[in-house]
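The lines below spell out each chain.
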Amino acid sequence: MTEKLTLVVIFAHPDDEAFGTGGTLAKYASEGVEVHLITATLGEAGQVAEATMTLQQPLNILREQELRCACQNYGVTAVHLLGYIDGQTAIVPPSGPVYRIVQLLRQLKPQVVMSFGPDGVYGHFDHLAIHRWASAAVELAAENKWLTAGPPHEVAKFYHTALRQSQVDTMKEIFQRGAVLMDGVPFPFVGYPDEQITTIIEVKDVANIKLNGIRCHASQLEPTMPYLSADFDPATVPWFQQETYILAKGTLGILDSNGKENDFFAGLR
Ligand SMILES: [Zn+2]
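Since the structure is predicted, the reported quantities are computational estimates derived from the model, not experimental observations.

Undergrad: Any chance you could explain the overall build of the protein here in plain terms?
TA: The helix and strand inventory of the protein stands at 7 helices and 11 strands. For 269 residues, the compact-globule formula gives about 18 Å, and the C-alpha radius of gyration of the protein, at 18 Å, lands near that figure. Counting only C-alpha atoms, the protein reaches 50 × 45 × 30 Å along its principal axes. Residue burial in the protein is summarised as follows: out of 269 residues, 41% are buried.

Structure, rendered in C-alpha cells:
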C-alpha cells in the first residue's frame, strides 16, 4: 500500500481550519500523516472580536501569526498562503488560484484533500469561492493539461466539511448563535441530516489540541464564545468529540456499525 500518507486542506481564512476541522488536522498529524494547509487570504477584512482590543500590528500580520500558532499546535507540516485579498476572492479570475492549487496538489501528491462544501458552512462568499477553486483543482490536477504545473496527480478522496443539523441546533442552544452576521445580515449555518454525513472523525483524544488551536485565533474569538474561559471543558461540547464530513469524490472505505466511515485514509492505507 501507499508509503507516505498526505492530507491537503484548503480554506479561505485563518481560523477556518480551527472550529470544524482542527481535531482532524491534529489527529492525522499525530499519526505521522503529512498535513498541509492552503489558506487563500489572511483574514484582514474580518472584524476584531473584542472592540477593546488594541492592535499592535496590521491585522494581516496578526492573523498570519495566529494561523501559524494554530498550525504548529496541530502539528501541520506546512502552511501555504495564497495571499488573496480577504473578502474579494469571488471576483478573482479563477484560473490563477486554481493553477496554484493544482501546482501544490501535483507537488505534494495527497491521497486525500478536504475543503468547504457548496454550503461554505454559512455561505461566506470567500468560502464559496474556495469550494469552487478546490473542486476545480482536484479535477484539473488529474488531467493531462497545465503540465507546467507538474505531472498529473489523481487525488483518491475529496471531502467537504459538513456540519450536522444537530450540531447547528446545539450551537443555537449554547451560544444563541445560528448564523454569522455579514455586513449586519445573518447568514445561517447550513446543517446536514445525519444520513447525508458519510464520514465521522473521532477527535476526543485531541480535543485539547483543538482547543489550543482555537485559542491561537484570539483576535477572532467573540466574547460570547466560551473558548478562552479557563473552566471551558471540551468534553461537554459535541464538536470536540467528532468532526463530520461528506465524501465528494472517491470511494468510502470500511464503514462502522452506523454506516459511517471513520478514517479519511480508509481503503488507502
Ligand atoms: Zn472563513
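Undergrad: Would you take a moment to explain unusual backbone geometry for this structure?
TA: Comment: phi is negative for the bulk of residues other than glycine, and the bulk of peptide bonds are trans. Backbone geometry places Asp 15, a non-glycine residue, at a positive phi of 95°. Mapped onto the fold, Asp 15 is located in the loop between β1 (6-11) and α1 (16-30). The class for Asp 15 is buried, based on 23 C-beta atoms found within 10 Å. The phi dihedral of Asp 183 is positive, around 55°, even though this residue is not glycine. Relative to the assigned elements, Asp 183 resides in the loop between β7 (179-182) and β8 (185-188).

Undergrad: I keep staring at the environment of Thr 6 and nothing clicks. Help me out?
TA: Structurally, Thr 6 can be placed in strand β1. A count of 20 C-beta atoms within 10 Å places Thr 6 in the buried class. Each C-alpha atom, one on Thr 6 and one on Leu 108, is 7.5 Å from the other, the two residues being 102 residues apart in sequence. In contact with Thr 6, other than residues within four places in its own chain, are Val 33, Glu 34, Leu 108, Lys 109, Pro 110 and Gln 111.

Undergrad: Where do I start with helix α6 (residues 165-175) in this structure?
TA: Spacing of three or four residues puts side chains on the same side of an α-helix, whose turn is 3.6 residues. Of the positions making up α6, those classed as buried are Gln 167, Val 168 and Met 171. For α6, the arc enclosing every buried residue in end-on projection is 100°, short of the 170-degree limit, so these residues lie on one face. Where the residues of α6 are buried, they touch β6 (163-164) and β9 (191-192). Phi turns positive, to about 50°, at Gln 176, one or two residues after α6.

Undergrad: How should the sheet that holds β1 be read in this particular structure?
TA: Across a sheet, paired strands are connected by hydrogen bonds in the backbone, their directions being either parallel or antiparallel. One open sheet holds the 7 strands; their spatial order is β3-β2-β1-β4-β5-β11-β10, and the pairing between them is mixed. The open sheet is flanked by β3 (78-84) and β10 (199-202), the only strands paired with a single partner. Adjacent strand axes in the sheet meet at a mean angle of 25°, parallel and antiparallel pairs treated alike. Here β10 pairs with strand β11 (residues 242-249) via 4 bridges, running antiparallel. Bridge assignment links Ile 200 to a residue of β11, and that residue is Thr 244. Contacts between α1 and the sheet are confined to β1, β2 (34-41), β4 (112-115), β5 (157-161), β10 and β11, with β1 contributing the most and set at about 170° to the helix. Those strands touched by helix α5 (residues 125-141) are β1, β2, β4, β5 and β11, and its axis lies near 160° from that of β4.

Undergrad: It is not clear to me how the packing of helix α3 (residues 95-108) against α5 should be interpreted in this structure. Could you clarify?
TA: Packed helices, taken two at a time, are described by their axes: the angle between them and the distance between them. In contact at an axis separation of 8 Å, α3 and α5 are set at 50° when each is read in the N-to-C sense. As the angle between them shows, α3 and α5 are arranged oblique. Here α3 and α5 pass one another in a crossing that is right-handed. Facing α3, whose interface residues are Pro 97, Val 98, Ile 101, Val 102, Leu 105 and Arg 106, α5 presents Trp 133, Ala 134, Ala 136, Ala 137, Leu 140 and Ala 141. Looking at the contact of α3 with α5, its residues break down into 11 nonpolar, no polar and 1 charged.

Undergrad: What is the right way to look at the nonpolar core in this model?
TA: What tends to happen in soluble globular proteins is that the nonpolar side chains get buried as a cluster. Formed by 63 residues in total, the largest nonpolar core has its most connected members in Leu 7, Val 9, Ile 10, Ile 101, Val 113, Ile 130 and Ala 137. Here the element with the most residues in this core is α5; it accounts for 7 residues. For Val 9, the contacting residues outside a window of four places in its chain are Glu 17, Thr 21, Leu 25, Val 35, Leu 37 and Met 114.

Undergrad: Quick question: what am I supposed to make of the pairing of β7 here?
TA: Along any regular strand the residues' side chains alternate between the sheet's two faces. Bridging between β7 and β8 involves 4 bridges; their strand directions are antiparallel. Across the sheet, the residue bridging to Ala 179 is Pro 188, located in β8. Remark: 2 residues form the turn of the hairpin made by β7 and β8, two consecutive strands paired antiparallel; Asp 183 in that turn has positive phi of roughly 55°.

Rules of the game
- Residues numbered from 1 in each chain as written.
- Predicted model: local features only at pLDDT ≥ 70, side-chain atom pairs only at ≥ 80, totals over all residues.
- Helix = DSSP H or I, 4+ residues; strand = E, 2+ residues; numbered from the N terminus.
- Rg over C-alpha atoms; globule rule 2.2 N^0.38 Å.
- Buried ≥ 20, exposed ≤ 12 C-beta atoms within 10 Å, placed from the backbone.
- Contact = placed C-beta atoms within 7 Å.
- Arc of directions from axis to C-beta.
- Pairing = 2+ DSSP bridges.
- Axes fitted to C-alpha atoms, helices over the stretch in contact; angles between N-to-C directions.
- Parallel < 35°, antiparallel > 145°, perpendicular 65-115°, else oblique.
- Left-handed = near helix turned anticlockwise from the far one by under 90°.
- Nonpolar A, V, L, I, M, F, W, Y, C, P; charged D, E, K, R; others polar.
- Core = buried A, V, L, I, M, F, W, Y, C linked by C-beta atoms within 7 Å.

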